[in-house]
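# Structure at a glance
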Amino acid sequence: EYFVGTYERCPAEVENELRQELESLALQAFAALRCRGYASVDMRQSKEGQLMVIDVNPNTDISSEGGVRFPIEAAGLDYATFINEILSLT
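Below you will find a few notes about this structure. Each chain carries its own residue numbering, running from 1 in the written order of its sequence. pLDDT decides what is reported in this predicted model: residues at 70 or higher carry local features, side-chain atom pairs at 80 or more are listed and counted, and totals for whole chains, interfaces and linings draw on all residues regardless. Side-chain metrics rest on all non-hydrogen atoms present in the structure, leaving aside hydrogens and water.

### Let's talk about the environment of Leu89
- Each helix is a run of H or I in the DSSP string that is no shorter than four residues. Each strand is a run of E no shorter than two, and both are numbered from the N terminus. You can see Leu89 is positioned in the segment after α3 (79-88).
- Throughout, exposure labels follow a simple rule: accessible area from a 1.4 Å probe, protein chains only, divided by the maximum for the residue type, with under 20% read as buried, over 50% as exposed, and the rest as partly exposed. On the basis of relative accessible area, Leu89 is assigned to the exposed category, the value being 51%.

### Concerning the layout of surface pockets
- In this structure, the largest pocket spans a volume of roughly 1600 Å³.
- A cavity, in this analysis, means grid points on a 1 Å lattice covering only the protein atoms where a 1.4 Å probe fits yet has no way out; a pocket is instead an open set bounded by protein on both sides within 12 Å along at least five of seven lines, and a residue lines either one if it has an atom within 4 Å of a point. Lining the largest pocket are 37 residues, and of these Cys10, Ser40, Val41, Asp42 and Pro71 lie nearest its centre.
- When residues of the lining of the largest pocket are traced back to their parent elements, those giving at least two are α1 (16-32), β1 (40-45), α2 (69-74) and α3.
- Of the residues forming the lining of the largest pocket, the biggest block, 6 residues, is contributed by α1.
- Of the residues assigned to the lining of the largest pocket, the class counts are 23 nonpolar, 5 polar and 9 charged. Grid points are joined across faces, edges and corners, and a volume is the space filled by probe spheres set on the points. Put simply, Ala, Val, Leu, Ile, Met, Phe, Trp, Tyr, Cys and Pro go in the nonpolar bin, Asp, Glu, Lys and Arg in the charged bin, and everything else, Gly too, in the polar bin.

### What about the nonpolar core?
- Nonpolar cores are built from buried Ala, Val, Leu, Ile, Met, Phe, Trp, Tyr and Cys residues. Side-chain atoms within 4.5 Å join them into one set. In terms of nonpolar packing, the biggest core is built from 5 residues, these being Ile62, Val68, Ile72, Phe82 and Ile86.
- It only takes one pair of heavy atoms within 4.5 Å for two residues to be counted as in contact. Once residues lying within four places of it in the same chain are set aside, the contact partners of Ile72 are Leu77, Asp78, Tyr79 and Phe82.

### Concerning α1
- One less than the residue count of a helix, multiplied by 1.5 Å, gives the span that helix is expected to have. The first and last C-alpha atoms of α1 sit 24 Å apart over 17 residues, in line with the 24 Å expected at 1.5 Å per residue.
- Residues Leu18, Ala26 and Ala29 constitute the buried set of α1. For α1, the angular spread of buried residues about the axis comes to 70°, placing them on one side. Of the exposed residues in α1, those oriented more than 90 degrees away from the buried face are Glu17, Leu27 and Ala31.
- Looking at the buried positions of α1, the neighbouring elements they touch are β1 and β2 (51-57). Think of it as the arc spanned by the lines of direction from the helix axis to the C-beta atoms.

As structure tokens, then:
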């Protein structure tokens with residue numbers, strides 16, 4: 001019920017400056033928690049525009065039916081290529 005009427009939009013339609021801030025903050029959170037390989041970083045933006053990391057998941061669901069399919073497709077990859085990229089990180 002929490003997601004009724006919501007939809008995925010990936011990549012997000014944001015201004016280039018905000019996109020750069022999001023990427024930078026995600027990479028900082030990834031590094032601060034010493035993640036390796038891949039992770040998902042959830043953020044929210046306050047009404048005032050401040051970005052806040054609310055969750056870093058270093059073991060996010062990468063199944064073919066999970067939410068990872070949106071960024072994979074946005075990056076122009078197919079699922080097999082994505083998995084091979086993950087495997088090459090080890």
